[in-house]
Amino acid sequence: MIRERVILITGANGEVGHGLIEALSAMPDQLPIVALDIKRLERPLRHLVKRTIIGDILNTELLESLDTEFEIDTIYHLAALLSTSSEFNPEGAHRVNVQGTINLLKLTVDQGVMRGAPVKFMYASSIASYGVPDLETKEAAGSVTEDQYLNPVTMYGCNKLYCEHLGRYYAERYRQLAASKAIGVDFRCVRFPGLISAMTVPTGGTSDYAPEMLHAAAQGKPYASFVRKDTTIPFMVMPDAIKALITLAQAPREKLSRYVYNVTSFSRSAEEFAKMVQSSFPGAQITFDPSDARQSIVDSWPAGLDDSAARQDWAWSPDYDADRAFHDYLAPTIVERYRETGEH
Ligand code: SER
């Protein structure tokens, strides 16, 4: 039996999954995609992938069947419960975010053993891995490197930071006491800022006030932000997030000096973001009604990310600064999106 060579995407129906499937399937000479998600892949994406599997990354029998059927070239592991959802079910979040990741790392090891070389494991981590202690420190810290302020305050952030460490372990030290050196994984991780897509609204995140503001405005609906006006974190639009994942996946391993890379595009306060939304959608009704609990989560995230390691090692550079993000991507694409779906 010849196993077909594929790319596996977990969390394929999530917002990063949407963008990644579109981008990968448009690239010449790309391998077919196997899309795994607990929800059915949305219809417009289905013809872009070889197989859609509705299933859970906690189902090890399912993962074993993938191991048998496919030769997996690269895994993009995107499935996760985001930071707000995770606070309503921390133990469930730990299972999905950590045990799910271990299950996929094990699948990657098994694939590597059959291939005789480590297989690529692309991991989407998050600004939630950070935890700055207070607003004074946040202001003084500015843009933080990958190794600063790693005291996450959410279950999701703890899970993401721990999985970054697991990736390093599986890459360097997996079964380190075995008689002969075990094959591990080629682990590569992007630590994302808040992501904004014109096509999808995220579910269960705490940076969601920004995309929610924008999507409400595009639909002519009022929006009350759950964070204060001065709240500042870094953001990136979805095409740049996809670019980061694909560029890091394509980088020669020997150029990579680390496993985890910050990437960022622009930092804005919630008020500045609201003004940009209003400049694209004049008359958008945006108010501020902070929720203490969610506010304190966003306050623990840094105001900026230092992405110089990514710039240096794999020539990372975002295509969209804030102006381009709004004028060339978000505003025109979102208008088209709601015109097509008629969701007003
Ligand atoms: N957008 C994510 C969240 O808010 C952060 O990675 O949970």
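Values in this document were obtained by computation on a predicted structure and should not be read as measured data.

Asker: Any details on the overall build of the protein chain? Residues and values, ideally.
Answerer: Looking only at helices and strands, one finds 13 helices and 14 strands in the protein chain. Relative to the compact-globule value of 20 Å for 344 residues, the protein chain shows a C-alpha radius of gyration of 20 Å, a close match. Taken along its principal axes, the extent of the C-alpha atoms in the protein chain is 65 × 45 × 40 Å. Here the protein chain, with 344 residues, has 53% of them falling under the buried criterion.

Asker: Outline the site of the ligand, supporting the account with residue identities and numerical values.
Answerer: Neighbouring the ligand are L82, S83, S126, Y156, G205, T206, S207 and W301. One nitrogen or oxygen atom from the side chain of Y156 is found 3.2 Å from an oxygen atom belonging to the ligand. The contact in question runs from an oxygen atom of the ligand to an N or O atom on the backbone of T206, over 2.5 Å. Alone, the ligand offers 230 Å² of accessible surface; in the complex the protein occludes 91% of this. The residue makeup of the shell around the ligand, split by class, is 3 nonpolar, 5 polar and no charged.

Asker: Just give me the short version of unusual backbone geometry, but keep the residues and values in it.
Answerer: Residues other than glycine seldom take positive phi values, yet Y149 does so here, at roughly 50 degrees. Relative to the elements of secondary structure, Y149 occurs in the loop between β6 (143-144) and α7 (155-172). Take Y149: its relative accessible area is 29%, and that puts it in the partly exposed class. Despite not being glycine, A315 shows a phi value in the positive range, around 55 degrees. Turning to its location among the elements, A315 is positioned in the loop between α12 (308-314) and α13 (322-341). Judged by relative accessible area, A315 falls into the exposed class, the value being 60%.

Asker: Can you explain the packing of aromatic side chains? Please cite residues and give values.
Answerer: Counting across every chain of the model gives 14 aromatic pairs. Members of the aromatic cluster, connected to one another through ring pairs, are Y209, F226, F235, F266, F273 and F326. Against the face of Y320 rests R324, its NZ or CZ located 4.5 Å from the ring centre. Above the face of the Y338 ring, R337 is positioned so that its terminal group lies 4.3 Å from the ring centre.

Asker: Could you give me a rundown of the packing of helix α8 (residues 209-218) against helix α10 (residues 270-280), with the residues and numbers involved?
Answerer: Interhelical geometry of α8 versus α10 gives an angle of 20 degrees and a closest axis separation of 10 Å. Accordingly, the angle class assigned to the pair α8 and α10 is roughly parallel. Considering only the axes of α8 and α10, their crossing is right-handed. Contacts between α8 and α10 involve Y209, A210, M213, L214 and A217 on the former and, on the latter, A270, F273, A274 and V277. Taken together, the residues that form the contact of α8 with α10 break down as 9 nonpolar, no polar and no charged.

Asker: How would you explain the environment of L36 if you had to name every residue and give the values?
Answerer: For L36, the position within the fold is in strand β2 (residues 33-37). Given the relative accessible area of 0%, L36 is considered buried. When the C-alpha atoms of L36 and S126 are compared, they prove to be 21 Å apart, with 90 residues separating the residues in sequence. Apart from the residues lying within four places of it in its own chain, the contact partners of L36 are L8, I9, T10, G11, A12, I53, G55, I57, L62, L63 and L66.

Asker: If you had to explain the sheet that holds strand β10 (residues 232-237) to someone new, which residues and values would you point to?
Answerer: On the basis of which strands lie adjacent, the open sheet formed by 3 strands has the order β8-β10-β12 and mixed pairing. The open sheet has two free edges, formed respectively by β8 (194-196) and β12 (266-269), since each of these has just one partner strand. Each adjacent strand pair in this sheet contributes to an overall mean axis angle of 45 degrees, direction not counted. Sheet topology places β10 next to β12; 4 bridges connect them, and they run antiparallel. Residue I233 lies in a different strand from β12, and its bridge partner there is R268. Where helix α9 (residues 238-250) meets the sheet, its contacts fall on β8 and β10, and the angle it forms with β10 comes to roughly 75 degrees.

Asker: Give me the packing of helix α3 (residues 60-69) against helix α5 (residues 90-115): which residues, what numbers.
Answerer: Axes are the key here: two packed helices are described by the angle between their axes and the distance separating the axes. Where α3 meets α5, the axes come as close as 10 Å, and the angle between the chain directions of the two elements is 25 degrees. Judged by the angle between their axes, α3 and α5 are roughly parallel. The handedness of the crossing between α3 and α5 is right-handed. Residues T60, L63, L66 and D67 of α3 form the contact with α5, whose participating residues are N103, L104, L107, D110, Q111 and M114. Taken together, the residues of the contact of α3 with α5 sort by class into 5 nonpolar, 3 polar and 2 charged.

Asker: Which residues make up the pattern of salt bridges, and what values do they have?
Answerer: All chains considered together, the criterion is met by 17 salt bridges. Notably, a salt bridge pairs D73 with R5, separated by 2.8 Å at the nearest N-O pair. Placement of the pair is D73 in strand β4 (residues 70-77) and R5 in strand β1 (residues 4-10), with a sequence separation of 68 residues. The salt bridge partner of R253 is D186, with a shortest N-O separation of 2.7 Å. Taken as a pair, R253 in the loop between α9 and β11 (260-262) and D186 in strand β7 (residues 185-192) lie far apart in primary sequence, 67 residues in all. The network of salt bridges with shared partners includes R5, E71 and D73.

Cut-off values and rules
Residues numbered from 1 in each chain as written. Predicted model: local features only at pLDDT ≥ 70, side-chain atom pairs only at ≥ 80, totals over all residues. Heavy atoms only, no water. Helix = DSSP H or I, 4+ residues; strand = E, 2+ residues; numbered from the N terminus. Rg over C-alpha atoms; globule rule 2.2 N^0.38 Å. Buried < 20%, exposed > 50% of the residue type's maximum accessible area, 1.4 Å probe, protein only. Near = heavy atom within 4 Å. Polar contact = N/O pair within 3.5 Å; in protein donor to acceptor, adjacent residues only side chain to side chain. Areas by Shrake-Rupley, 256 points an atom, 1.4 Å probe, with all protein chains shown as cover. Nonpolar A, V, L, I, M, F, W, Y, C, P; charged D, E, K, R; others polar. Phe/Tyr/Trp six-rings, centres within 6.5 Å; stacked < 30°, edge-to-face > 60°. Lys NZ or Arg CZ within 6 Å of the ring centre and 35° of its normal. Axes fitted to C-alpha atoms, helices over the stretch in contact; angles between N-to-C directions. Parallel < 35°, antiparallel > 145°, perpendicular 65-115°, else oblique. Left-handed = near helix turned anticlockwise from the far one by under 90°. Contact = heavy atoms within 4.5 Å. Pairing = 2+ DSSP bridges. Salt bridge = Lys/Arg side-chain N within 4 Å of Asp/Glu carboxyl O.

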